[in-house]
Structure formats: structure tokens, C-alpha cells
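Letter by letter, the chains look like this.
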Amino acid sequence: MNRSEVIKNTLEFVKKTLANAEGGHDWFHIQRVYNNAKLIAKGEKADLFIVELGALLHDIADYKFHNGDESRGPQLASEFLNTQKVSEEEVAHVIKIIENVSFKGGKEKKNFYSTELKIVQDADRLDALGAIGIARTFNYGGFKGRALYDPEIEPNLNMTKEEYKASTAPTINHFYEKLLLLKDLMNTETGRKIAEERHRFMESYLQQFYSEWDGLA
């Protein structure tokens, strides 16, 4: 099976698997990350096949929707890729991308690095920024039944991975606990440039949010 056929089959597999997913982690999220990853890859020396597979499969079974189980995504991706006769080396690389792409509090030390991971990670993080990032954040907050904002609950900037995964804080706190940190965590030049613009948009949004909250605008 040639690479283009594998990508085509992967697209169909992901669309079907995520048909009823939460709006911020559905097929359209995957599609945006996939497009972002291909754009970023143009400026990097990378294996585009691995980049595309990593982008398409990075959220195939997000732990947030599987009781915190981080093994389900890699397992599902591996099982699928094996049906596509993808080489063991390529499958292993894609699985490493899936295992390492997520933010999870941003404090974990990584033990795997590759250009392809950096590209997919930047592409995924870009979708957590700007107008789309804001929409996804509030969509997920609503899905989890969280408050929009509570001035009495301050953001926790020193969470462990476990605390981050278990957090039930108001949605606005997530801007400070993750979204506004991403600009400085980008891996590629293309990713950084796009992130800076989206970061500024989020800062402007927060200013407007607080003005409206306090009845000043």
C-alpha cells in the first residue's frame, strides 16, 4: 500500500472514529491541526508522511474523554496503522508523537524528540490559540459544566500533571494555566509567528472580557 493510500484511509478512519466527539476535539480539530502541520512542515526538513499520520492520529482517543487513560490513543493508532502495513519503525515514531504531543500542564520532561513531533506539537498548540482556541476552551468548559469565571479562584501556575488533568477550575483560568503559555513553547519559526498573532488576540479578548464582567464596557 502506498503512502497516499495510507493517508486517505487514515483520514476516513479518523472521521468515522470521531464522528460524535466533543466539538473542540472532533474531526474539524484534527483537520485544522493536519493543515497547520503541513504548512509548518514546508519550512522544516521532515518526513511528511510521519507528520501527516501524527497530526491525523494525535487525538484519536484523547485521555480527557477516556477516564484519563493515556494508553488508549496510542493503542488504537497502533492497531489501525498495523492494518495499513505501515513499517514498525514508522508506527513507533507516530506513537511517540501521540504520547508526547499533549501539554498536560507543561511541566513534564520529555524523553523523545524529533522534528516531526515538533511540527505536530506546534500545529496542535496553534489550534489552542486565537479565536478558535477561545471557542474550543469555552466549548470544553461547557461540556464539563465549569464556571466561566470566578474572581475568588486564582489560576494555579504550578500544577503537577495529575493536578492539571484533574482540574475543575473556571474556564478563564485555563487561559493562564495553558493558553497564554503556549507562545513561548513553540518549536518552529512558522509556529512562533502564527502563535504571536493569536496570542495578541487572546490578550485583547481577556481585556474586553474583564471590562464587560465589571460593567465597564
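Below is a short write-up of the structure. (Residues numbered from 1 in each chain as written. Predicted model: local features only at pLDDT ≥ 70, side-chain atom pairs only at ≥ 80, totals over all residues. Heavy atoms only, no water.)

### Re the packing of aromatic side chains
The full count for this structure, using the stated rule, is eleven aromatic pairs. With centroids separated by 6.0 Å and ring planes inclined at 50 degrees, the aromatic side chains of Phe138 and Phe175 adopt a geometry described as tilted. In this pair, Phe138 is assigned in helix α7 (residues 130–143) and Phe175 in helix α9 (residues 171–177), connecting sequence segments 37 residues apart. Measuring from centroid to centroid gives 5.8 Å for Phe209 and Trp213, while their planes differ by 20 degrees, and the two rings are stacked. Here Trp213 and Phe209 lie together in helix α10 (residues 189–213), a separation of four residues that amounts to about one turn. In this structure an aromatic cluster arises from ring pairing among Phe138, Tyr149, Phe175, Tyr205, Phe209, Tyr210 and Trp213. (Phe/Tyr/Trp six-rings, centres within 6.5 Å; stacked < 30°, edge-to-face > 60°. Helix = DSSP H or I, 4+ residues; strand = E, 2+ residues; numbered from the N terminus.)

### Some details on the side chain of Glu52
Tracing the sequence through the fold places Glu52 in helix α3 (residues 48–57). No salt bridge is formed by the buried Glu52; the nearest opposite charge belongs to Lys38, separated by 4.7 Å. There is a polar contact of 2.6 Å between the side chain of Glu52 and the side chain of Tyr34. Not counting the four nearest positions on each side in its chain, Glu52 is found in contact with Ile7, Tyr34 and Lys38. (Buried < 20%, exposed > 50% of the residue type's maximum accessible area, 1.4 Å probe, protein only. Lys, Arg positive; Asp, Glu negative; His and termini not counted. Salt bridge = Lys/Arg side-chain N within 4 Å of Asp/Glu carboxyl O. Polar contact = N/O pair within 3.5 Å; in protein donor to acceptor, adjacent residues only side chain to side chain. Contact = heavy atoms within 4.5 Å.)

### Some points on the packing of helix α2 (residues 27–41) against α3
Closest axis-to-axis distance for the α2/α3 pair is 8 Å, and the angle between their directions is 155 degrees. In this view, α2 runs roughly antiparallel relative to α3, as classed from their interaxial angle. Like other packed secondary-structure pairs, α2 and α3 cross with a definite hand, here right-handed. Of the residues in α3, those in contact with Trp27, Ile30, Val33, Tyr34, Ala37, Lys38 and Ala41 of α2 are Leu48, Val51, Glu52, Ala55 and Leu56. Here the residues of the contact of α2 with α3 are counted per class, giving ten nonpolar, no polar and two charged. (Axes fitted to C-alpha atoms, helices over the stretch in contact; angles between N-to-C directions. Parallel < 35°, antiparallel > 145°, perpendicular 65-115°, else oblique. Left-handed = near helix turned anticlockwise from the far one by under 90°. Nonpolar A, V, L, I, M, F, W, Y, C, P; charged D, E, K, R; others polar.)

### Some points on the environment of Leu53
Inspection of the secondary structure assignment puts Leu53 in helix α3. It is 9.1 Å that separates the C-alpha atoms of Leu53 and Leu11, two residues lying 42 residues apart in sequence. Here Leu53 is in contact with Val6, Ile7, Thr10, Leu81 and Val94, once residues within four sequence places are set aside.

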